[in-house]
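Observations on the model geometry
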Amino acid sequence: MDLFLETPQQQAERMLRQQQRLMEMQMQGAAVQPPAQNAAPAVSSACAAAPEAYSVQQDSYAQELAFDKRRARRRRWAQRLRTLAMIVLIPLGLAAIFLSSYALTCILNGASPSEVLEHLAALGQRLSDVVTTIRAGWES
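Residues numbered from 1 in each chain as written. Predicted model: local features only at pLDDT ≥ 70, side-chain atom pairs only at ≥ 80, totals over all residues. Heavy atoms only, no water.

Let us look at the overall build of the protein chain. Scanning the protein chain from terminus to terminus reveals 3 helices and 0 strands. Shown N-terminal to C-terminal, the secondary structure of the protein chain runs as helices and strands in the order α-α-α. Sorting the 140 residues of the protein chain into buried and exposed places 11% on the buried side. The long-range fraction of contacts in the protein chain, counting pairs at least 24 apart against all pairs at least 6 apart in sequence, stands at 46%. Total accessible area computed for the protein chain in this model is approximately 11,500 Å², and 65% of it derives from carbon and sulfur atoms. (Helix = DSSP H or I, 4+ residues; strand = E, 2+ residues; numbered from the N terminus. Buried < 20%, exposed > 50% of the residue type's maximum accessible area, 1.4 Å probe, protein only. Contact = heavy atoms within 4.5 Å. Areas by Shrake-Rupley, 256 points an atom, 1.4 Å probe, with all protein chains shown as cover.)

Below, the discussion takes up the nonpolar core. Membership of the largest hydrophobic core is limited to 6 residues, which are Tyr102, Ala103, Cys106, Ala111, Val116 and Leu123. Counting residues per element, the ones that place at least two in this core are helix H2 (39–108) and helix H3 (113–139). Top contributing element to this core by residue count: H2, with 3 residues. (Core = buried A, V, L, I, M, F, W, Y, C linked by side-chain atoms within 4.5 Å.)

Enumeration over the complete set of coordinates arrives at 1 aromatic pair. Measuring from ring centre to ring centre gives 6.2 Å for Phe98 and Tyr102, while their planes differ by 20°; the resulting arrangement is stacked. Highlighted residues: Phe98 and Tyr102, both in helix H2, separated by 4 residues, approximately one helical turn. (Phe/Tyr/Trp six-rings, centres within 6.5 Å; stacked < 30°, edge-to-face > 60°.)

A few words on the environment of Leu5. If you trace the backbone, Leu5 turns up in the segment before helix H1 (8–32). Sequence separation between Leu5 and Glu64 is 59 residues; the distance between their C-alpha atoms is 8.5 Å. Setting aside residues up to four positions removed in sequence, Leu5 forms contacts with Gln10 and Glu64.

Attention now goes to the confidence of the model for the protein chain. Averaged over all residues, the pLDDT of the protein chain is 83; the fraction at 70 or higher stands at 79%. Here H2 is the element of the protein chain with the lowest mean pLDDT, 82, and H3 is the one with the highest, 94. A low-confidence stretch, residues 37–46 (pLDDT under 50), is modelled with 9 contacts involving residues beyond four sequence positions or located in other chains. (pLDDT = per-residue confidence, 0-100.)

A full pass over the atoms with the stated rule returns 1 salt bridge. Residue Arg71 is joined to Asp68 by a salt bridge in which the shortest nitrogen-to-oxygen separation is 2.7 Å. Residue Arg71 and its partner Asp68 are both found in helix H2; the two are separated by 3 residues, about one turn of the helix. (Salt bridge = Lys/Arg side-chain N within 4 Å of Asp/Glu carboxyl O.)

Moving on, we come to a positive patch on the surface. On the surface, Lys69, Arg70, Arg73, Arg74, Arg75, Arg76 and Arg80 cluster together into a patch of positive charge. If you trace the backbone, Arg70 turns up in helix H2. Looking at Arg70, the relative accessible area reads 41%, which means it is partly exposed. (Patch = residues over 30% accessible without salt bridge, like charges linked within 9 Å, V, L, I, M, F, W, Y side chains within 5 Å. Lys, Arg positive; Asp, Glu negative; His and termini not counted. Charge placed at Lys NZ, Arg CZ, Asp CG, Glu CD.)

In structure tokens:
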């Protein structure tokens, strides 16, 4: 997974800047040191330029890591909300389907709208009786 969001143009510019710094450091090292030791400053200047390049990459990685953590946190919260919604909405949906099918069955059997309301009220009364019986069983 590539976490560095650097375009090829930005990468080329960064590499050019690093090469220019390296050349400047080599030139400064060549002017100060004798010609026999020109190879050593080039290696040390390359090592000196490396931490700066690493810092750029490290900063990019830290930003991407922080973004990834925020995105994972949002995903976890969204999953919790979806789970809670399913726990609540599925039983409510089933109850609505049951009530509508009960009412449609009454209508198909020839009940008038007032009779459908009476049947639904009787169904509600039976449901409350069942709940009362269950509570009485738990209390005793």
